[in-house]
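Remarks on the overall topology
Single-letter residue listing:
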Amino acid sequence: MTSDDHKTPMLEPDDFVIVRKRKKYRFAQFANTRNCYELVQWQKLDKKSSEIVLEVGAGTGLFLVELATLHPEKTYIALDVKADRLQKGGREAESRGLNNIFFVRSRADQLLQVVSAGSVQELWLTFSDPFPKKSDAKRRLTAPNFLEIYKKALVFKNAELYMKTDSHALFDWSLEQFAAHNWQIQQLTNDLHESNLEDEYKIMTTYEKKWTQQNLPIYFVSVAPNHR
Ligand SMILES: C[S@@+](CC[C@H](N)C(=O)[O-])C[C@H]1O[C@@H](n2cnc3c(N)ncnc32)[C@H](O)[C@@H]1O
């Protein structure tokens, strides 16, 4: 037996075709789902929503689908760069007949092209990629450049940013960024699912289901921007 025997078997050219076809199919699903938008399409719509609940890096967006089901009076937007993930939430929302949730394919730094300044009441960052390399710190969704953008979106009284993560390193780093940029901590726990915080915070995202099955604690913080 050589050391190569332990490796994943090599993919044949046809396997790549299947993976690419599956992705293509999911992209097509995104394009054909009523509540899913490319940024340029979204910008052409006549939108008047305010007090929006926005999730940045939403993945499938299934967490927001649950919240949108509970609160038909609110407007929800799931933002992610990956259409093949977002279409899952889009199709689920469609099958539930929800008309208060939208899925927009966009980068986080384009957020103020998705929503108007001051129109967001709640901004969720759930299981954001930790980007552990120091050289990638700017890509973390709690990096100072993103916090500046979020501050412009969150100007309502009581507007807050909510963060859930399994990454202790990202959580600690993010707390430092919040403190350095004048955000005020409202609620904090190192074990969300054992805490007595609101049940709605405990509704699980797609990644959260994976991590809790491995008995990992979920870190949670909510912060308010200080505009002074
Ligand atoms: C680890 S996944 C978590 C997905 C989801 N929030 C969950 O908990 O299931 C991180 C997501 O963030 C998205 N993402 C990372 N950087 C982004 C950026 N700059 N703009 C938009 N989405 C981003 C990725 O495409 C990915 O879907």
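Scroll up a little and you will see the structure.
So, here is what we can say about the structure in this document.

Take the overall build of the chain next. When helices and strands are counted, the chain shows 8 helices and 8 strands. Relative to the globule expectation of 17 Å for 228 residues, the C-alpha radius of gyration of the chain, 19 Å, shows essentially globular dimensions. Relative to its 228 residues, the chain shows a buried fraction of 46%. Looking at the chain alone, contacts between residues at least 24 apart form 77% of all its contacts between residues at least 6 apart. Accessible surface, the chain as shown: approximately 13,000 Å² in total, 50% of it carbon and sulfur. Charge-centre separation for the chain: the mean point of 32 positive side chains lies 6 Å from the mean point of 30 negative side chains.

As a matter of local geometry, the ligand sits amid 18 residues, with Gly57, Asp80, Arg85, Thr126 and Thr205 nearest to it. Take glycine 57: an N or O atom from its main chain is 2.8 Å from a nitrogen atom of the ligand. Computed on the free molecule, the ligand has an accessible area of 600 Å², of which 92% lies beneath the protein chains in the complex. At a threshold of 2 Å from the grid points, most atoms of the ligand map onto the largest pocket. In the shell around the ligand, the residues fall into 6 nonpolar, 6 polar and 6 charged.

On to the pairing of strand 2 (residues 52-56), then. Among the 5 residues in strand 2, 5 count as buried, and that is most of the element. Burial along strand 2 is two-sided: the face carrying Ile52, Leu54 and Val56 and the face carrying Val53 and Glu55 are both buried. Across 5 bridges, the pairing between strand 2 and strand 3 (residues 75-80) is parallel. By the bridge assignment, valine 53 is partnered in strand 3 with tyrosine 76. Considered for its hand, the β-α-β crossover made up of strand 2, helix 3 (residues 62-70) and strand 3 is right-handed. Both strand 2 and strand 5 (residues 120-126) contribute to a ladder of 5 bridges, which runs parallel. Within the sheet, the bridge partner assigned to isoleucine 52 lies in strand 5 and is valine 120.

With that out of the way, let us pick up the environment of asparagine 32. In this structure, asparagine 32 sits in helix 1 (residues 13-32). According to the relative accessible area criterion, asparagine 32 is exposed, its value standing at 62%.

Okay, the packing of aromatic side chains next. Overall, the coordinates contain 13 aromatic pairs when judged by the stated rule. Ring geometry for tryptophan 124 and phenylalanine 220: centres 6.4 Å apart, planes at 50°, overall tilted. Placement of the pair is tryptophan 124 in strand 5 and phenylalanine 220 in strand 8 (residues 219-225), with a sequence separation of 96 residues. Both residues of the pair, tryptophan 124 and phenylalanine 220, count as buried. In textbook terms, an aromatic cluster arises when at least three aromatic residues are bridged by ring pairs, as seen for Phe63, Trp124, Tyr162, Tyr201 and Phe220. The ring of tryptophan 173 is capped by arginine 140, whose NZ or CZ atom sits 4.7 Å from the centre of that ring.

A few words now on helix 3. Residues Phe63, Leu64, Val65, Leu67 and Ala68 constitute the buried set of helix 3. Residues of helix 3 that are buried sit in contact with strand 2, strand 3, helix 4 (83-95), strand 4 (101-105), strand 5 and strand 6 (160-165).

In this section: the pattern of salt bridges. Applying the stated criterion to the full structure yields 8 salt bridges. Here glutamate 38 makes a salt bridge to arginine 105, at a shortest N to O gap of 2.9 Å. On the criterion of sequence distance, the pair formed by glutamate 38 in strand 1 (residues 36-38) and arginine 105 in strand 4 is long-range, its members being 67 residues apart. The exposure class of glutamate 38 is partly exposed, given its relative accessible area of 26%. Glutamate 122 is paired through a salt bridge with lysine 74; the nearest N and O atoms lie 3.5 Å apart. Of the two residues, glutamate 122 is situated in strand 5 and lysine 74 in the loop between helix 3 and strand 3; the sequence distance between them amounts to 48 residues.

Parameters at a glance
Residues numbered from 1 in each chain as written. Predicted model: local features only at pLDDT ≥ 70, side-chain atom pairs only at ≥ 80, totals over all residues. Heavy atoms only, no water. Helix = DSSP H or I, 4+ residues; strand = E, 2+ residues; numbered from the N terminus. Rg over C-alpha atoms; globule rule 2.2 N^0.38 Å. Buried < 20%, exposed > 50% of the residue type's maximum accessible area, 1.4 Å probe, protein only. Contact = heavy atoms within 4.5 Å. Areas by Shrake-Rupley, 256 points an atom, 1.4 Å probe, with all protein chains shown as cover. Lys, Arg positive; Asp, Glu negative; His and termini not counted. Charge placed at Lys NZ, Arg CZ, Asp CG, Glu CD. Near = heavy atom within 4 Å. Polar contact = N/O pair within 3.5 Å; in protein donor to acceptor, adjacent residues only side chain to side chain. 1 Å grid on protein atoms, 1.4 Å probe; cavity = no way out; pocket = protein on both sides within 12 Å on 5 of 7 lines; lining within 4 Å. Sits in = over half its atoms within 2 Å of the grid points. Nonpolar A, V, L, I, M, F, W, Y, C, P; charged D, E, K, R; others polar. Pairing = 2+ DSSP bridges. Right-handed = clockwise from strand over helix to strand, strands pointing away. Phe/Tyr/Trp six-rings, centres within 6.5 Å; stacked < 30°, edge-to-face > 60°. Lys NZ or Arg CZ within 6 Å of the ring centre and 35° of its normal. Salt bridge = Lys/Arg side-chain N within 4 Å of Asp/Glu carboxyl O.

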